[in-house]
Amino acid sequence: MRAAKPASRQDFFGSLRILGLLYITGIPLFIHALFTGCLTIDGVGFWLLIPFPAVFFGVSIGRLVRKFRFPAPFTITTLILLFCAVGVWLVEFLNFPQVYYFNHVWGVWPGPIYDESVQISGSFLFFRWITFLWIILLWILPSWNRSTQTKLITVLAGISLMLSYLSLDEMGVISPRKTIQQQLAGLHQTEHFNLFFDAEAFSGDEINYWAARHEFHFEQISDLLEIEWPENRKIESYLYAHAWQKKKITGAKFTSYVPVWLEQDQLHIAKQHLENVLKHELVHVISKQFGNRLFNASLSIGLIEGAAEGIAKDASSRSTLHQIVASEKPFPTASEMKFALSISGFYGSAGAISYTTAGSFVDYLLEEFPVQNFKKAYPAGDFEDAYSRSFEELVSGWHQKLEKTEIDSLDRQISELIYAQRSLFQKTCPHSVSTELRLWDEYRFHMAEEDTAAAYQKLDKLFTLDSQNDLIHSEWIRSKLIRGEYSEAISSYSENDTLLTLKLLQSDALFLNKDVQKADSLRNAIAPRIKNSKALNYRYSLNLREDSLQWHHHTQSRYNSYLPTKAEFERLNRSNKMQSVGKAIEQNHTKKLKEYSEFLLQESAHPDWFDIYHQQIDRLIFLKEFELADQWITKVSALDLRPRHREILSELMEWLEFSASE
């Protein structure tokens, strides 16, 4: 025992020396984070919870090998650590659909880089408890039988480890498919899909709708890519109640994803993102059929995402991919485009920029060449062999396509917004979450949970903390109008509140508070600014409030979700009618939607309301009101539509044909 103590002490202090060297090396990073204001409580926690346990874990393994006098102790220790660092991760990576990982050696990978908030979770703390148990067991194992005390500690550590490993999925350390399926509880089966969904978040109508959209997009993509899907091969679609539930279970919050590297085809999407990303994610699933053998995709991340974006075309609801890229000159050169399709180049730009640029390029390839060429180029990004021409020639042809693309001021505006975005690596403190951002995130979470009481409590606290923030002030005023607390909303305004959104909300608050004269005065005062504004969301603001009748229906619809009767609907102007249609769709009120749609067929349509026409026709098709939907498609087709709206209308025609044939 006397000889063992100095050796144990030497190992312990040796671990501290290694830690000292690590922290000395990391001092510049620590100082930079501290002086730039990027150091957070979670950051400090990671500084402690990653190096300390990792070093002691490694030393305890080396100590065990040395104590048991294995040959080539350095080699054996290195191999064991490599297995723990890489081997264990590979087992998880190749078997579980999660995108977060915990590791005894390198600590933690919290999830996709687009989910910027990185925080210490209860799962990570539990995992570090397991690391601690391993350190205790490995440290004491060489002398476990020297005393009753060491025997007891060895047994307790062993039992604790066994119980901990039995709880890995329950504690969120791993997320096997079966566990996810149990947590979501709902199951809906179609010809090509098994939809696992949160049974409390999706109604029967909703899940039937999304099941139909799955099959529709599956057919679209398979036909476009000329894919013959294997028989009896089902795709698993995991539909979460909201992004926060998905983050807890899979590690991805606002990022929808497809684990293409897994044998089982699957996709993971939160309910709030389904409308925008379902088709995009399904491209990833179906393109596995011609992906490489390494991980069923392409070696070029730009081709992976470019294919999904180029086929889904969902970067904007108003501009095509080509219009967005054509509005931003100069166009990427061949060398710049080759870099943009690589991992470093793709993630070096903001997601919206990389996705849109790659999407436009892939869209061009699919438009101008046989799809077999693209499928051949996809696995390794070998364009020259697949297209029998140089990459420079392909990019030149794409440039010619962009040059011929007609663009207008709206396309330029949308393009400017997209290309002004910064990548994660260009932002200051991207992983630092302020108190305001944390409260805003909690507010959105409670709203997604439909717990308005808790949500408004967070919003009130946020407004008290930062009442000068226009976004927070606008949301808070809107909530007060929904809650019927008009006087409190009015009293929150100051002379410095000049934002048009705030002024419109203020006028609504005055109107709802029966101060009609003051409401009229304020509306008239801001009317010139609204008329001169280029923002589309203000275009019909005055029309919605043109007189007391229209204003009353606008406020009742917007803040009380009121749907007018048929007689009331007939007295509304077009702006309020379209707002009522939008509300009927939002509330899934089938009878009202059909009633409003039939009445509006008698009136003229206008391109400005295309977004609502789109939702209206889409819903009518699902409700099997095929004749009414077809009449609306014909009516909208006669309008002078934007190219992107033509694309959307074409897809609605396909949706009608698909649904009618079922």
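Below: a short report on this structure. (Residues numbered from 1 in each chain as written. Predicted model: local features only at pLDDT ≥ 70, side-chain atom pairs only at ≥ 80, totals over all residues. Heavy atoms only, no water.)

Comments concerning the side chain of Thr250
- Among the structural elements, Thr250 can be located in helix α9 (residues 243-250).
- Only 2.7 Å separates the side chain of Thr250 from the backbone oxygen of Lys246, close enough to count as a polar contact. (Helix = DSSP H or I, 4+ residues; strand = E, 2+ residues; numbered from the N terminus. Polar contact = N/O pair within 3.5 Å; in protein donor to acceptor, adjacent residues only side chain to side chain.)

Details of a negative patch on the surface
- Together, Glu191, Glu219, Asp223, Glu654, Glu657 and Glu662 line one region of the surface with negative charge.
- Going through the elements one at a time, α8 (204-224) and α33 (643-661) are the ones with two or more residues in the negative patch.
- Residue position: Glu191 is located in the loop between β3 (185-189) and β4 (193-198). (Patch = residues over 30% accessible without salt bridge, like charges linked within 9 Å, V, L, I, M, F, W, Y side chains within 5 Å. Areas by Shrake-Rupley, 256 points an atom, 1.4 Å probe, with all protein chains shown as cover. Salt bridge = Lys/Arg side-chain N within 4 Å of Asp/Glu carboxyl O. Lys, Arg positive; Asp, Glu negative; His and termini not counted. Charge placed at Lys NZ, Arg CZ, Asp CG, Glu CD.)

Quick look at helix α24 (residues 500-512)
- In this model α24 runs 18 Å from its N-terminal to its C-terminal C-alpha over 13 residues, within 8% of the 18 Å that 1.5 Å per residue would give.
- Most of α24 is tucked away: twelve of the 13 residues are buried.
- Residues Leu500, Leu502, Lys503, Leu504, Leu505, Gln506, Ser507, Asp508, Ala509, Leu510, Phe511 and Leu512 constitute the buried set of α24.
- Buried residues belonging to α24 abut α22 (470-483), α23 (486-491), α25 (516-532), α26 (541-544) and α27 (548-560).
- Backbone geometry just downstream of α24 places Lys514 in the positive-phi region, at approximately 70°. (Expected span 1.5 Å × (residues − 1). Buried < 20%, exposed > 50% of the residue type's maximum accessible area, 1.4 Å probe, protein only. Contact = heavy atoms within 4.5 Å.)

A short note on the pairing of β4
- Summarising burial for β4: six of the six residues are buried, a large majority.
- Connecting the antiparallel pair β3 and β4 is a turn made up of three residues.
- Strand direction decides the pairing type here: β4 and strand β5 (residues 235-240), joined by five bridges, are parallel. Its bridge partner being in β5, Phe196 is matched across the sheet by Tyr238.
- Between the parallel pair β4 and β5, the chain is carried across by α8, and the sense of this crossover is left-handed. (Pairing = 2+ DSSP bridges. Right-handed = clockwise from strand over helix to strand, strands pointing away.)

Here's the deal with the sheet that holds strand β6 (residues 266-270)
- The sheet built from four strands is open, its strands ordered β3-β4-β5-β6 with mixed pairing. A single partner strand is all that each edge strand has here, and the edge strands are β3 and β6. Taking the axes of each pair of neighbouring strands and ignoring which way they run, one obtains an average angle of 20° across the sheet.
- Where helix α7 (residues 177-184) meets the sheet, it contacts β3, β4, β5 and β6, and its direction lies at approximately 45° from that of β5. (Axes fitted to C-alpha atoms, helices over the stretch in contact; angles between N-to-C directions.)

A few points about the nonpolar core
- Counting 103 residues, the largest nonpolar core has Phe361, Leu365, Phe374, Phe383, Tyr387 and Val636 as its most contacted members.
- Sequence-distant contacts of Val636, that is, excluding residues within four places in its chain, are made with Phe610, Tyr613, Ile617, Leu641 and Leu649.
- Counting 19 residues, the second-largest nonpolar core is a separate cluster that includes Tyr443, Leu459, Phe463 and Ile477. (Core = buried A, V, L, I, M, F, W, Y, C linked by side-chain atoms within 4.5 Å.)

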